[in-house]
Amino acid sequence: MKRALILLLLVIIASAWWAVTRQAAPPCAAEESSISAPYPSDFAERLCRVGGLRLSLGKPLPPAIPWQDATGHPAVGDAAARPGGRVRLCNAGPFPAHFHRFGGGEAQFFHQNLLAATEIPLVARHPLTGQPTAGVAEAWAVVGRTVHFRLNPAARYNNGRPVRAGDYLLAALLQAEQRCAEYEQLAEAAEALCAHNETHLSITLRSEADAVRAARLLMPAEPAFHSGFDSRYREQFAQRIPPATGPYRVSRVEHGRRIELQRPATWWGESLPLCRHRFNVQALEYHFLNSEAQVWEFLLRGKLDALQTRNITAWQEHAEPASHLHRTVYDAEYPLPPYGIALNTRTLPRLELRRGLLHAMDMDRAVALMTRGEGQRLRTFHSGYGPRTPQETPQYRYDPETARRYFAQAGYTTAGSDGILKRADGTRLSVRLTYTPHEKISALLTCIIRSAADCGAEIVPEPLPWQHCQRRLQERSHELCFWAVPAAEDPSPALFFSPQAAPEYSPFGLNSPEMNAALTEFEQTGNLSAVDTQVCRHAIWLPGWKENRVYLAHNPRLRIPPSPWCFDALDAHLFWFEPAP
């Protein structure tokens, strides 16, 4: 009996040890090496089979390419920044179901933190000058509709292997073979991609060339990591983290709780103007918490180092009395997410009905109540782009009389005993509003639902976990959806409104010749007003509120540089951690 108990105890200890080590181990990644891995033996043959975009290897470079580089570009970060330290932050959203760089299906909240921290583009727009600046490419050139990139010979993945021009072709090939949305966007925007040699890459666009826009279409695929890439990719690679070109790599994963990133003492890109005095801390911990109340609890108890919020109610309740924290309030000067309610044209095809719903939802009052009178309405879909932001676009204002007139045009003419309008056959004017529950959003939607009822429309709240909301978008089965995505550094309206747009970026389900013409006009002239006008005419989006006023509470040892706030200081990794005195 005693021997059996001892054996049972040993089994329990071994099982617990196995569970802990399994939980803490990082997902499988490619083995570290400083040597380039070979491409697939049938690489060239598979490139020839891809449709929609010409992928080619080894074509000679044209003569006299007018190269530009980052000479004289100012550093982005603060020269006072010091390397080292560990910073604990909270990730907004659920724990990632997968770590796919592309083709993973449902979008993952953590990908923004992972990719922003671990990916350097070929070139990027300098946030201070607005001009292209160096990333993985040390030089670039625009010749007609073709953009040339000359890769930095020092560029490395975070597994130590060199980045080569052919890696960008490999990524495009794998995306095409997996029928990924990323490849569809690439093929729609470009007609040819060529790796001339190991350091020279070119892409020919279908419209006027821009180096930053071209770079945004491309990503590299490290051949060693993708050597087992096949039709079972989504399952086999779900928990494998692909090598990236930036300073951090995932070092620890505690499933459902925490992901840790580590930075080496030195890395190839730390002298780039885009990266100088950024990515300063040695380790980043991202904690996955269930609610904003729990995040505040962790911060106040010293278990997190920073919390950034737009929730003025929570700020006044928690941060203002907390004298041990540093507190900063600032107005962001970067592109803003298009918070609002999206209407699905596939499930709500009647334009008159959609227009009536937009006039029936009192967003002004809802925002005022939610933000205690300190919030601002969004007035345009594209906001925060300085002079490129549309100055005046048509608006739908809360107007019960106009709403009822549009509802009557859609056939809803008779009010029931509860005030909700009906058609002649008894069909009620009832629509579903899908959203992920959150204290702030729930309060706003309660006001929206009441205002719609006063206009004869029943809006049925449909609170769902974030993953289920994403599934509804993928299926395009929603009717109304409270929705927003991170705003791109440069406006990209086709991402939201083209017929090929991915569902998570386009809950509108729109396929309109007028919108397609507006997208073409934008590509040719950069005019966003035409796009925003079509958003209004098709009645597909009710603007929510601006979240450019940011409330930041943090550990006094966590240093955040002062203005200009060209972009999010936390997301852009401008911070550093002062060593203990």
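Up top you'll find the structure we're talking about.
Residues numbered from 1 in each chain as written. Predicted model: local features only at pLDDT ≥ 70, side-chain atom pairs only at ≥ 80, totals over all residues. Heavy atoms only, no water.

Visitor: Lay out helix H3 (residues 110–118) in plain terms, naming residues and giving numbers.
Guide: Among all positions in H3, only Phe110, His111, Asn113, Leu114, Ala117 and Thr118 are buried. Considered in projection along H3, the buried side chains sweep an arc of 165° and stay on one side of the axis. Close packing links the buried residues of H3 with strand S10 (249–254), strand S11 (258–262) and strand S12 (283–287). (Buried < 20%, exposed > 50% of the residue type's maximum accessible area, 1.4 Å probe, protein only. Helix = DSSP H or I, 4+ residues; strand = E, 2+ residues; numbered from the N terminus. Arc of directions from axis to C-beta. Contact = heavy atoms within 4.5 Å.)

Visitor: Summarise the sheet that holds strand S2 (residues 68–69); cite the residues concerned and give the values.
Guide: An order of S1-S8-S9-S7-S6-S2 is seen for the 6 strands of this open sheet, with the pairing classed as mixed. Looking at strand neighbours, the two that pair on one side only are strand S1 (54–57) and S2, the edges of this open sheet. Looking at chain direction, strand S8 (residues 190–195) and strand S9 (residues 200–205) are connected through 5 bridges and run antiparallel. Counterpart to leucine 193 in the pairing with S9 is isoleucine 203. (Pairing = 2+ DSSP bridges.)

Visitor: Go over the packing of helix H4 (residues 165–177) against helix H5 (residues 181–189), please, and point to the residues and values.
Guide: A pair of packed helices can be characterised by two numbers: the angle between their axes and the separation between those axes. With their axes 7 Å apart at the nearest point, H4 and H5 run at an angle of 115° to one another. It follows from the interaxial angle that H4 and H5 lie roughly perpendicular. The element H4 and its partner H5 pack so that their crossing is left-handed. Between H4 and H5, the contacting residues are Ala172, Gln175 and Ala176 on the first element and Glu182, Tyr183 and Leu186 on the second. The residue makeup of the contact of H4 with H5, split by class, is 4 nonpolar, 1 polar and 1 charged. (Axes fitted to C-alpha atoms, helices over the stretch in contact; angles between N-to-C directions. Parallel < 35°, antiparallel > 145°, perpendicular 65-115°, else oblique. Left-handed = near helix turned anticlockwise from the far one by under 90°. Nonpolar A, V, L, I, M, F, W, Y, C, P; charged D, E, K, R; others polar.)

Visitor: For the nonpolar core, give the residues involved together with the corresponding values.
Guide: Leu122, Phe149, Leu201 and Ile203 are the most contacted members of the largest nonpolar core, which has 82 residues in total. In terms of residue count, H4 provides more of this core than any other element does, 9 residues in total. Setting aside anything within four residues of it in sequence, one finds isoleucine 203 in contact with Arg145, Thr146, Val147, Phe149, Leu186, Ala190, Ala192, Leu193, Ala214, Leu217 and Leu218. Val367, Met370, Ala403 and Cys455 belong to the second largest nonpolar core, which has 37 residues in total. (Core = buried A, V, L, I, M, F, W, Y, C linked by side-chain atoms within 4.5 Å.)

Visitor: Quick rundown of the pairing of strand S3 (residues 86–90)? Include the residues and the values.
Guide: Within a regular strand, side chains alternate between the sheet's two faces. Side chains of S3 alternate between two faces, with Val87 and Leu89 buried and Arg86, Arg88 and Cys90 left unburied. Bridging between S3 and S12 involves 5 bridges; their strand directions are parallel. Each residue of the ladder has a partner; that of arginine 86, found in S12, is alanine 283.

Visitor: With reference to specific residues and values, describe the state of the cysteines.
Guide: Counted according to the given criterion, the structure contains 0 disulfides. The cysteine cysteine 90 is free of any disulfide, with cysteine 469 supplying the nearest cysteine sulfur at 19 Å. Cysteine 447 carries a free sulfur, and the closest cysteine sulfur to it, the one in cysteine 455, is 12 Å from it. (Disulfide = S-S within 2.5 Å.)

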